[in-house]
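Close look at the chain arrangement
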Amino acid sequence: MSFVDEWKQLEWDDIRMSIYGKTAVDVERALRKPKRDLEDFKALISPAAEPYLEQMAQQSAALTRKRFGHTVSFYIPLYLSNLCANACTYCGFSMENRIKRRTLDMAEIERECEAIKAKQFDSILLVTGEHERKVGMEYFRAALPAIKSHFSYLAMEVQPLEQDEYAELKTLGLDAVMVYQETYCAPTYAQHHLRGNKMDFEYRLETPDRLAKAGIDKIGIGALIGLEEWRTDSFFVAAHLDYLERTYWQTRYSISFPRLRPCEGGLQPKSVMNDRQLVQLICAYRLLNPEVELSLSTRESAQFRDNVLPLGITTMSAESKTQPGGYADDVPELEQFAISDERPAAEVASAVKQRGFEVVWKDWHHAYSG
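Parameters and conventions
- Residues numbered from 1 in each chain as written.
- Predicted model: local features only at pLDDT ≥ 70, side-chain atom pairs only at ≥ 80, totals over all residues.
- Heavy atoms only, no water.
- Helix = DSSP H or I, 4+ residues; strand = E, 2+ residues; numbered from the N terminus.
- Rg over C-alpha atoms; globule rule 2.2 N^0.38 Å.
- Buried < 20%, exposed > 50% of the residue type's maximum accessible area, 1.4 Å probe, protein only.
- Pairing = 2+ DSSP bridges.
- Right-handed = clockwise from strand over helix to strand, strands pointing away.
- Phe/Tyr/Trp six-rings, centres within 6.5 Å; stacked < 30°, edge-to-face > 60°.
- Axes fitted to C-alpha atoms, helices over the stretch in contact; angles between N-to-C directions.
- Parallel < 35°, antiparallel > 145°, perpendicular 65-115°, else oblique.
- Left-handed = near helix turned anticlockwise from the far one by under 90°.
- Contact = heavy atoms within 4.5 Å.

**Digging into the overall build of the protein chain**
A count of helices and strands for the protein chain gives 16 helices and 11 strands. A compact globule built from 370 residues would reach a C-alpha radius of gyration of about 21 Å, and the protein chain, at 20 Å, matches this within 12%. Each principal axis of the C-alpha distribution contributes one length, and for the protein chain these read about 60 × 45 × 40 Å. Residues classed as buried in the protein chain amount to 60% of the 370 residues present.

Written out as structure tokens, the structure is:
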């Protein structure tokens, strides 16, 4: 049993029609309820909810303060390699793109860690392209203990692994894994994943199940906004979260909202989400689930991130570099995608504090549990 079994019972077109069929009455009913379900979530992400954005934002902010207080956790991505054995239409690391490939050795990793520690970060996200032979378990076995010696909280965003491999990495210091389905629409998924192991839609979809069974502390899920109709994809993310929390209640979860950004290859979004709609989605997730962590990356602009922070966001990246060696060497031609918020971490922290929030430089769960 995995989420694949539940996913097969969900019809994409039926869900899309249901979302777009929601009315103001449905939205108002959802806003009155103390606890919302997936049908309420459909109403809150529907076009009918757009006139209610201010009310949604107020409720979302109140729920977030009640659960998370006035804190926001900071993390930073460390790109270890841009080698990739997949051909994906939306990613600068795609094997078909002619870019210089690089994988950090242990000395280079040490330099990157020192550069990052100088910026105060204590929570780090390790990112690689998906290349099992050259950037697989053997590489991770060497890299994780060295990196963990510098940081208290260690997350990864790499190719999907087996349950026993995740369990082994946990013994080496792994705390969290982010694995994004990109899109929950299988035909669209096939259009954008042309070569490599990432073509296996169901294996990727089962990854959070394997992570939870391996005892990983936190699992991050999400869809790449723009590959498909965003409201329907976002419902599937919510349904996935609902399944995971029912099945693996001891695990923590986070949701991210990556919108397609410019990269080598230049894919244009199929579904464009404007800023107001992203605010609507953030608030809808919070109204559905007061416990889930909501993360916003440097894909978004400084102004947007500053303004949306009080409404439901609990975790942010800052001063991100999306290429191997980006902090010690800063080689821009190797970027996975273009970032938007290019402010130094200290400047982002200052902006957060000006809005009455406390910056937590390591994972909030560990910060408040000792």
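More follows now that the structure is in view.
**Digging into the pairing of strand E7 (residues 218-221)**
Both faces of E7 are covered, namely the face carrying Lys218 and Gly220 and the face carrying Ile219 and Ile221. Note: strand E5 (residues 176-178) against E7, three bridges, orientation parallel. The partner of Met178 across the bridge, within E7, is Gly220. Pairing of E7 with strand E8 (residues 252-256) involves four bridges; the strand directions are parallel. Paired with Ile221 across the bridge in E8 is Ile255. Each parallel crossover has a hand, and for E7 linked through helix H12 (residues 230-247) to E8 it is right-handed.

**Some thoughts on the packing of aromatic side chains**
Pairs of aromatic rings are described using the distance from one ring centre to the other and the angle between the two planes. All chains considered together, the criterion is met by 13 aromatic pairs. For the ring pair Trp12 and Phe236, a centre distance of 5.4 Å and an interplane angle of 20° mean the geometry is stacked. With Trp12 in helix H2 (residues 12-20) and Phe236 in helix H12, this pair connects stretches of sequence that are 224 residues apart. For Trp12, a relative accessible area of 13% puts it in the buried group. Residue Phe236 is classed as buried on the basis of its relative accessible area, which comes to 1%. Arranged with centres 5.8 Å apart and planes meeting at 50°, the rings of Phe257 and Tyr285 form a pair that is tilted.

**Considering the packing of helix H5 (residues 53-68) against helix H13 (residues 275-288)**
A pair of packed helices can be characterised by two numbers: the angle between their axes and the separation between those axes. Where H5 contacts H13, the axes come no closer than 9 Å and their chain directions differ by 45°. Taken together, H5 and H13 sit at an angle that is classed as oblique. Where H5 crosses over H13, the two elements pack in a sense that is left-handed. Of the residues in H13, those touching H5 at Leu53, Met56, Ala57, Gln59, Ser60, Leu63, Thr64 and Phe68 are Arg276, Val279, Gln280, Cys283, Ala284, Arg286 and Leu287.

**Here we look at the environment of Ala48**
Mapped onto the elements of the fold, Ala48 is located in the loop between helix H4 (38-45) and H5. Note: C-alpha distance between Ala48 and Val25 (23 residues apart in sequence) is 9.0 Å. Filtering out sequence-adjacent residues up to four positions away, Ala48 remains in contact with Lys22, Thr23, Ala24 and Val27.

**Considering the environment of Pro51**
For Pro51, the location among the structural elements is in the loop between H4 and H5. On the basis of relative accessible area, Pro51 is assigned to the exposed category, the value being 67%. Taking the C-alpha atoms as reference points, Pro51 and Arg133, 82 residues apart in sequence, are found 51 Å from one another.

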